Amino acid sequence: MKMDKSMIRAQQLVFRYTQEGRRALNGVSAEIKKGEFVAVLGANGCGKSTLAKHFNAILLPEEGEVFVEEYNTKDEEHLYDIRQRVGMVFQNPDNQIVATVVEEDVAFALENLGVPPDEMRERVDEAMEMAGIYKHRTKAPHKLSGGQKQRVAIAGVIAMRPDCLVMDESTAMLDPIGREKVMRTVERLNREFGITVVMITHYMEEAVRADRVIVMSGGHIEMEGTPKEVFRDSAKIRALKLDVPQAKELCDLLREAGVAVDEEIISAEECIQALAALLGKPAQPGCDVI
Ligand SMILES: Nc1ncnc2c1ncn2[C@@H]1O[C@H](COP(=O)(O)OP(=O)(O)OP(=O)(O)O)[C@@H](O)[C@H]1O
Ligand SMILES: [Mg+2]
């Protein structure tokens with residue numbers, strides 16, 4: 001997937017919720033390229049959700065600009081073009097479900113847009129397939145697990161055929177299996193269907209799987225780079241009130257104890273490979289959570 005075209009561009013963004021209030025965003029410039037999978041990290045209250053809401057014109061900048069492709073989010077006449085391109089998935093799946101049957105829920109936004117029935121059927125089926133919930137299509141959403149509900153919410157957004165998904169801690173309320181299934185769904189949407197992903201998360205294990213990581217602190221961008229670049233300096237990550245990925249933490253401890261493991265290791269798979277190599281054994285395929 002070529003990643004040279006711009007999907008979203010924020011330039012010198014400043015935003016306050018109230019005139020007397022402090023700046024929730026204080027000069028944020030960032031670019032998300034088409035086809036990228038970008039994770040956004042940062043301590044509570046550092047401005048991640050505020051930034052995400054600027055990406056599809058839920059909020060408008062006080063200073064600076066945001067462009068979605070060529071559209072300035074301040075340009076009201078392009079609000080539909082912007083919202084159609086950038087879909088948001090939020091934290092609580094229960095707040096995003098509106099219908100009593102899964103497929104009706106996925107169709108909800110299309111119905112409101114007046115999409116003809118034949119096209120709607122096709123788009124809803126396609127979206128449910130892509131989000132991996134087709135087999136649950138006739139069920140009641142409230143009977144599904146948290147992870148399944150969140151994938152219903154994703155399907156509802158996908159049915160709009162967006163170019164970019166912005167997920168604001170969409171895995172935060174899920175159990176580990178639900179989280180992994182949502183993560184794999186999103187990775188597939190990114191890799192197979194070329195959908196750009198911006199994923200706000202508190203889970204470092206999710207950030208490790210992104211193409212690029214943006215770390216925010218106090219309303220600005222503090223670090224930016226590949227997961228390996230960002231997680232290289234464990235002390236700095238901790239100083240920003242973030243966790244170090246578990247595999248990296250284990251390898252740091254092993255190195256302190258005199259075991260020669262690579263400093264660049266940040267994922268469980270790399271850690272397994274390195275330990276198996278040290279033990280002189282081939283790594284077995286890992287047990288899968290789903
Ligand atoms: N609706 C609001 N009205 C006033 N202040 C707000 C509002 N929403 C957020 N803020 C403030 O703006 C700042 C940034 O908040 P934001 O929600 O963007 O942070 P966040 O990084 O998403 O945090 P979290 O990890 O807790 O979700 C915080 O100081 C927060 O208290
Ligand atoms: Mg938030």
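Here, the structure is the one placed above.
A short tour of the structure in this document, coming up.

Calculation rules
Residues numbered from 1 in each chain as written. Chains lettered and ligands numbered in written order. Predicted model: local features only at pLDDT ≥ 70, side-chain atom pairs only at ≥ 80, totals over all residues. Heavy atoms only, no water. Helix = DSSP H or I, 4+ residues; strand = E, 2+ residues; numbered from the N terminus. Rg over C-alpha atoms; globule rule 2.2 N^0.38 Å. Buried < 20%, exposed > 50% of the residue type's maximum accessible area, 1.4 Å probe, protein only. Contact = heavy atoms within 4.5 Å. Areas by Shrake-Rupley, 256 points an atom, 1.4 Å probe, with all protein chains shown as cover. Lys, Arg positive; Asp, Glu negative; His and termini not counted. Charge placed at Lys NZ, Arg CZ, Asp CG, Glu CD. Pairing = 2+ DSSP bridges. Arc of directions from axis to C-beta. Near = heavy atom within 4 Å. Polar contact = N/O pair within 3.5 Å; in protein donor to acceptor, adjacent residues only side chain to side chain. Axes fitted to C-alpha atoms, helices over the stretch in contact; angles between N-to-C directions.

## Some thoughts on the overall build of the protein
In terms of helices and strands, the protein carries 11 helices and 10 strands. For the protein, whose C-alpha radius of gyration is 20 Å, the value lies close to the compact-globule estimate of 19 Å for 290 residues. With the C-alpha coordinates of the protein rotated into their principal frame, the extents come out at 65 × 50 × 35 Å. By the burial criterion, 50% of the 290 residues in the protein qualify as buried. Across the protein, every contact between residues at least 6 apart in sequence was considered, and the portion connecting residues at least 24 apart equals 63%. As displayed, the protein has an accessible area near 14400 Å², and 49% of this comes from carbon and sulfur atoms. Separation between the mean location of the 37 positive side-chain charges and that of the 48 negative ones in the protein comes to 2 Å.

## Quick word on the sheet that holds strand β2 (residues 23-33)
Read from one edge to the other, the open sheet built from four strands follows the order β2-β1-β4-β5, with strand pairing classed as antiparallel. Each edge of the open sheet carries a strand with a single partner, namely β2 and β5 (71-72). Across two bridges, the pairing between strand β4 (residues 63-68) and β5 is antiparallel. By the bridge assignment for β5, F67 is matched with N72.

## With respect to helix α10 (residues 246-256)
All of the buried residues along α10 are A247, K248, C251 and D252. Taken down its axis, α10 places every buried residue within 135 degrees of arc, on the same side. Exposed and oriented more than 90 degrees from the buried face of α10 are Q246, L253 and E256. Contacts from the buried residues of α10 go to α7 (204-207), α8 (227-231), α9 (234-239) and α11 (268-279). G258, located one to two residues past α10, shows a positive phi value of around 95 degrees.

## A look at the site of ligand 1
Within the structure, ligand 1 sits among 13 residues, and R22, G45, K48, S49 and T50 are positioned closest to it. In the environment of ligand 1, an oxygen atom lies 3.2 Å from a nitrogen or oxygen atom belonging to the backbone of C46. Here H202 contributes a side-chain N or O atom positioned 3.2 Å from an oxygen atom of ligand 1. Compared with its free state, where it exposes 630 Å², ligand 1 has 58% of that area covered by protein.

## Some thoughts on the sheet that holds strand β10 (residues 220-225)
Spatially, the six strands line up as an open sheet ordered β6-β7-β8-β3-β9-β10, and their pairing is mixed. Two strands in the sheet have a free side with no partner beyond their single neighbour: β6 (86-89) and β10. Ignoring which end each strand starts from, the neighbouring axes of this sheet average 20 degrees apart. As paired elements, strand β3 (residues 37-42) and strand β9 (residues 212-217) share five bridges and run parallel to each other. Of the residues in β9, the one forming a bridge with L41 is V215. Contacting β6 and β7 (164-168), helix α5 (residues 146-158) runs over the sheet at an angle of about 165 degrees to β6.

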